[in-house]
Amino acid sequence: MTGPSLPLVTQSQLRTFRRCQREHHLAYDMAIRPASSEAAPLRFGSAVHEGLAALWQGQGLDSALDLVRIDDPFEQAQASAMLCGYATHWGLFGGASNGVEVLAVEREFRAPLVNPATGYASQTFQLGGKVDAIARIDGRVLLVEHKTTSEDITPGSAYSQRLRIDTQIPLYLQGVRALGFEPEGVLYDVLLKPRLRPKKGEDAPAFFDRLCAEIGDNPGKYFAQREIAVLEDDVAAAMADAWQTARALREGQLAQRYPRNSDACVRWNRPCVYFDACTGQTSLDSSRFVRLTTPHPELSDAPPAPAP
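Residues numbered from 1 in each chain as written. Predicted model: local features only at pLDDT ≥ 70, side-chain atom pairs only at ≥ 80, totals over all residues. Heavy atoms only, no water.

As for the overall build of the chain
At step 1: When helices and strands are counted, the chain shows 11 helices and 11 strands.
At step 2: In terms of overall dimensions, the chain is globule-like: its C-alpha atoms have a radius of gyration of 20 Å, near the 19 Å expected for 308 residues.
At step 3: For the chain, with 308 residues in total, the buried portion stands at 44%.
At step 4: Put simply, 75% of the contacts in the chain that link residues at least 6 apart link residues at least 24 apart.
At step 5: Counting every atom, the chain has about 15700 Å² of accessible surface; 51% of that belongs to carbon and sulfur.
At step 6: Separation between the mean location of the 32 positive side-chain charges and that of the 37 negative ones in the chain comes to 6 Å. (Helix = DSSP H or I, 4+ residues; strand = E, 2+ residues; numbered from the N terminus. Rg over C-alpha atoms; globule rule 2.2 N^0.38 Å. Buried < 20%, exposed > 50% of the residue type's maximum accessible area, 1.4 Å probe, protein only. Contact = heavy atoms within 4.5 Å. Areas by Shrake-Rupley, 256 points an atom, 1.4 Å probe, with all protein chains shown as cover. Lys, Arg positive; Asp, Glu negative; His and termini not counted. Charge placed at Lys NZ, Arg CZ, Asp CG, Glu CD.)

With respect to the packing of aromatic side chains
At step 1: In this structure the tally under the stated criterion is four aromatic pairs.
At step 2: Measuring from ring centre to ring centre gives 5.8 Å for Tyr274 and Phe289, while their planes differ by 5°; the resulting arrangement is stacked. Here Tyr274, found in the loop between strand S10 (270–271) and helix H11 (275–278), pairs with Phe289, found in strand S11 (residues 289–291); they are 15 residues apart in sequence, far enough to count as distant.
At step 3: Take Phe289: its relative accessible area is 7%, and that puts it in the buried class. (Phe/Tyr/Trp six-rings, centres within 6.5 Å; stacked < 30°, edge-to-face > 60°.)

Some points on helix H1 (residues 11–19)
At step 1: Along H1, the residues classified as buried are Gln11, Gln13, Leu14, Thr16 and Phe17.
At step 2: Looking at the packing, one finds that the buried side of H1 touches strand S1 (8–9), helix H2 (21–29), strand S5 (121–137), helix H7 (168–178) and helix H10 (232–255).

A few points about the packing of H1 against H7
At step 1: Where H1 meets H7, the axes come as close as 11 Å, and the angle between the chain directions of the two elements is 145°. As for the relative orientation of H1 and H7, their crossing is right-handed in sense. Where H1 approaches H7, its residues Gln11, Leu14 and Arg15 are matched on the opposing element by Gln168, Leu171 and Tyr172.
At step 2: Considering only residue class, the contact of H1 with H7 consists of three nonpolar, two polar and one charged. (Axes fitted to C-alpha atoms, helices over the stretch in contact; angles between N-to-C directions. Left-handed = near helix turned anticlockwise from the far one by under 90°. Nonpolar A, V, L, I, M, F, W, Y, C, P; charged D, E, K, R; others polar.)

Focus: the state of the cysteines
At step 1: Under the defined criterion, the tally for this structure stands at zero disulfides.
At step 2: Cysteine Cys278 is unpaired, with the sulfur of Cys20 as its nearest cysteine sulfur at 6.3 Å. (Disulfide = S-S within 2.5 Å.)

What to know about the pairing of strand S7 (residues 185–192)
At step 1: With eight of eight residues buried, S7 is to be regarded as a mostly interior element.
At step 2: Side chains of S7 alternate between two faces, with Gly185, Leu187, Asp189 and Leu191 and Val186, Tyr188, Val190 and Leu192 buried alike.
At step 3: Inspection of the sheet shows strand S6 (residues 140–149) paired to S7 by eight bridges, in the parallel sense. Counterpart to Thr149 in the pairing with S7 is Leu192.
At step 4: Sheet topology note: the S7/strand S8 (residues 223–228) ladder contains six bridges and is antiparallel. The residue bridging Leu191 from the neighbouring strand is Phe223, located in S8. (Pairing = 2+ DSSP bridges.)

Remarks on the pattern of salt bridges
At step 1: Applying the stated rule across the entire model yields 17 salt bridges.
At step 2: The salt bridge involving Glu23 is made with Arg19; its shortest N-O contact spans 3.0 Å.
At step 3: By relative accessible area, which is 8% here, Glu23 ends up buried.
At step 4: Exposure remark for Arg19: the relative accessible area of 22% places this residue in the partly exposed category.
At step 5: Where Arg210 meets Glu202, a salt bridge forms, and the shortest distance between an N and an O atom there is 2.8 Å.
At step 6: According to the relative accessible area criterion, Arg210 is partly exposed, its value standing at 22%.
At step 7: On the basis of relative accessibility, which here comes to 15%, the residue Glu202 falls in the buried class. (Salt bridge = Lys/Arg side-chain N within 4 Å of Asp/Glu carboxyl O.)

Looking at unusual backbone geometry
At step 1: Unusually for a residue other than glycine, Ala31 sits at a positive phi of about 55°.
At step 2: Note on Ala31: relative accessible area 6%, which makes it buried.
At step 3: Here Glu106, not a glycine, exhibits a phi torsion of approximately 50°, which is positive.

Let's talk about the nonpolar core
At step 1: With 71 residues, the main nonpolar core has Val48, Trp56, Leu113 and Leu143 as its most contacted residues.
At step 2: The next biggest cluster of nonpolar side chains, apart from the first, holds eight residues, and it includes Ala27, Tyr28, Ala277 and Phe289. (Core = buried A, V, L, I, M, F, W, Y, C linked by side-chain atoms within 4.5 Å.)

With respect to the pairing of S6
At step 1: Burial of S6 is extensive: eight of the 10 residues sit out of reach of the surface.
At step 2: Here S5 pairs with S6 via five bridges, running antiparallel. Counted as the bridge partner of Ala133 is Val144 from S6.
At step 3: If you look at the hairpin formed by S5 and S6, you'll find two residues sitting between the two strands, and Asp138 has a positive phi there, around 50°.

Overview of the side chain of Glu23
At step 1: Looking at the element boundaries, Glu23 is found in helix H2.
At step 2: In this structure the side chain of Glu23 is engaged in a polar contact, spanning 3.0 Å, whose partner is the side chain of Arg19.
At step 3: Dropping the residues within four chain positions of it, Glu23 is found in contact with Thr16, Arg267, Cys272 and Tyr274. (Polar contact = N/O pair within 3.5 Å; in protein donor to acceptor, adjacent residues only side chain to side chain.)

Here it is as structure tokens:
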């Protein structure tokens, strides 16, 4: 059985471990994270996510925009323009409208991590996470997953095709079921980050207006929603992957061995946030890092309640 006493493993944690065991050790075993200045590239997607949650909760566009807080005024303008265009294109959610009934937003889950060979739950870990939204759309319950990307999201693009093999969703379906919902599939709600850049001498408000005009003229370029059915075979395969990764994770913890993966030192043309620490150029005790009280600050300590 799962329980509050079992340590959590999340999809982000498993992904980090597969990418680099040393990065996982620093981020999750030691709960060391980059300070705000080092994490700036990650804040854009998080800010948009906060705004989307407000829209889906029916709080209105003004409330959503109030949640977008990015130090860079031009990135703030980008995120705000995306939310304004999104609200105009899809309509504001909350309650039931346009065939959409929002059942839950930003809902946490705990679920068993099951050994696929025996069917028994792990006594070492339990799955944890937070789903973006759960909605009843045209009478069917769907898991809603918000995605923000800089890649082409039009039908037939490489990004759209990759959604078919997104390993996060089958595990999240397991979590949603633990909450008492029975989703029939997933609705990917994808937003494209505009590639426009400020012109010379252009201030942030003028940049915002130009972004809104561009997005308003091309909504199909910037917003896409795609429903994908998830088969039980997909759920079983994802659980098997998670079980094997968690097993390797535990073996590394017991052996206190955390190999580096030099192939993961540079991602998206940026060095890993721990690169200077791994190469001895800075200390983990420097002002560039902070030590958290939990490796999962996005999740609460209390187990989530099941669906009513």
